[in-house]
Amino acid sequence: MLRKIANPARLLTFQRTMASTASTGPLVRTELDSQTGYATVILNRAPVNSLSLEFMAEIIKTVDELERSKIRGMILTSPSSKVFCAGLDVLEMVNPSEDRLRSVWRNLQDTWAKLYGTSFPTVALINGHAPAGGCLLALTCEYRIMCSNFSIGLNETQLGLAVPPWLQKTMRNTVGSREAEIACIKGTMFSSEEALKIGLVDELAADKGEAMHKACNYLDTFKNMSPYARSATKLLLRNKKIEDMKRAREDDIDRVVKNVMNSDFQAGLAAYLQSLKDRKK
Ligand SMILES: CC/C=C\C/C=C\C/C=C\CC/C=C/CC(=O)SCCNC(=O)CCNC(=O)[C@H](O)C(C)(C)COP(=O)(O)OP(=O)(O)OC[C@H]1O[C@@H](n2cnc3c(N)ncnc32)[C@H](O)[C@@H]1OP(=O)(O)O
């Protein structure tokens, strides 16, 4: 739970330290297997693949390129041995300018929509923790394979954030209404094994190699199927949810701005950032 913090100077120190952490190489790498037509998309924003405005723009650009390249399937993963994606970059929420916050949220909506509405089959290879926005990325994929001993979930309420309706719906479609309601309200983080039990992930794997094998097996099930019939069916299932999100997106952004610009939220966030740092001591 969030504690209030009285000393803003501690927050500034944290901000500087986190901002100095740089990634090496492009923010998103793509490896295409020319034999199968499967693309492995590697999220590459060290240290924890947190979603900044620019990182989300790269993810959107990558998916657009893959659509144009007519790939046969995508596997979304991380090069880290511990973290799939740590969710939104929390620094995007620390005293942001309203314009930037609006752009961040718009990019998060677009990242969700773009990945959710791909014409090609998608697998999330969750080889590390996937809290909040990390769970969102996994939920956009058709199939989820998770390595053991990590955690996943929509823990936004624990951070003082409301889960937006379009994301709640995605969770509901995946685990069912009852599980989704309780999980979203409580902000539950599930172990890999618990996630399998409630259907938040489809399979577990002992390690990344096994997960990759299982991911290819899933994509192989469509090898002899008409790509048109497959993608048309997927989009008939998913397009309405994307359109619903787009129709309500300005209200959604206004709600987030109100939530994040609120001084109680900022105080809670400062405490949360400090608790992340303290965990390391
Ligand atoms: C702008 C939008 C505003 C509002 C949104 C409103 C509503 C949103 C509702 C739902 C939509 C979806 C969006 C959700 C919001 C989020 O995603 S908020 C972020 C939630 N994420 C977390 O709370 C994860 C926090 N991190 C951890 O628990 C651990 O770091 C993790 C288990 C991922 C990995 O642990 P470990 O391997 O031990 O690594 P460290 O903890 O040591 O971390 C390494 C460094 O990375 C920094 N870091 C960790 N997480 C983040 C992050 N999300 N953003 C930025 N930086 C992060 C961490 O502080 C360490 O930095 P340091 O080395 O100390 O400098």
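Note that the structure is a prediction, hence the values are computed from the model and not measured. (Residues numbered from 1 in each chain as written. Predicted model: local features only at pLDDT ≥ 70, side-chain atom pairs only at ≥ 80, totals over all residues.)

Asks: What's the story with the packing of helix α3 (residues 98–116) against helix α9 (residues 227–247) in this structure? I'm lost.
Replies: Each pair of packed helices gets described by two things: the angle between the helix axes and the distance between those axes. With their axes 10 Å apart at the nearest point, α3 and α9 run at an angle of 165° to one another. Viewed along their axes, α3 and α9 adopt a mutual orientation that is roughly antiparallel. Like other packed secondary-structure pairs, α3 and α9 cross with a definite hand, here left-handed. Here α3 contributes Gln 109, Ala 113 and Tyr 116 to the contact with α9, which in turn contributes Arg 238, Ile 242 and Met 245. (Axes fitted to C-alpha atoms, helices over the stretch in contact; angles between N-to-C directions. Helix = DSSP H or I, 4+ residues; strand = E, 2+ residues; numbered from the N terminus. Parallel < 35°, antiparallel > 145°, perpendicular 65-115°, else oblique. Left-handed = near helix turned anticlockwise from the far one by under 90°. Contact = placed C-beta atoms within 7 Å.)

Asks: Help me understand the site of the ligand in this model?
Replies: The environment of the ligand is made up of 37 residues, and the closest members are Ser 50, Gly 87, Leu 88, Ala 132 and Gly 133. Listing elements by their share of the shell around the ligand, those giving two or more residues are α1 (8–19), α3, α4 (133–140), α10 (249–261) and α11 (263–278). Residue composition of the shell around the ligand, by class: 24 nonpolar, seven polar and six charged. (Near = placed C-beta within 6 Å. Nonpolar A, V, L, I, M, F, W, Y, C, P; charged D, E, K, R; others polar.)

Asks: Help me understand the sheet that holds strand β8 (residues 190–191), please; the structure alone is not making it clear to me.
Replies: Within a sheet, adjacent strands bond to each other through the backbone by hydrogen bonds, running parallel or antiparallel. Here three strands make up an open sheet; going across it, the order is β5-β7-β8 and the pairing mixed. Looking along the sheet, the strands with just one partner apiece sit at the ends: β5 (130–131) and β8. Summarising the sheet, β5 and strand β7 (residues 151–153) pair through two bridges and their orientation is parallel. Bridging across to β7, Ala 130 finds its partner in Ile 152. (Pairing = 2+ DSSP bridges.)

Asks: For this particular structure, what's the right way to read helix α2 (residues 53–69)?
Replies: Residues three or four positions apart in an α-helix share a direction because the helix packs 3.6 residues into each turn. With 17 residues, α2 should cover 24 Å at 1.5 Å per step; its first-to-last C-alpha distance of 25 Å lies within 8% of that length. All of the buried residues in α2 are Phe 55, Met 56, Ile 59, Thr 62, Val 63 and Leu 66. For α2, the angular spread of the buried residues around the axis is 115°, confining them to a single face. Exposed residues on α2 whose side chains face more than 90 degrees from its buried face are Glu 54, Asp 64 and Arg 68. Against β1 (28–33), β2 (38–43), β3 (73–77) and α3 lie the buried residues of α2. Lys 70 lies just past α2 and shows a positive phi near 55°. (Expected span 1.5 Å × (residues − 1). Buried ≥ 20, exposed ≤ 12 C-beta atoms within 10 Å, placed from the backbone. Arc of directions from axis to C-beta.)

Asks: Looking at this model, I keep getting lost on the sheet that holds strand β4 (residues 122–126). Mind explaining?
Replies: Pairing is mixed in the open sheet, where six strands are placed in the order β1-β2-β3-β4-β6-β9. Edge positions in the open sheet fall to β1 and β9 (203–205), since each of these has one partner strand only. Across the sheet, the mean angle from the axis of one strand to that of its neighbour is 20°, orientation sign disregarded. Strand direction decides the pairing type here: strand β6 (residues 143–147) and β9, joined by three bridges, are parallel. Across the sheet, residue Cys 147 finds its bridge partner in β9, namely Ala 205.

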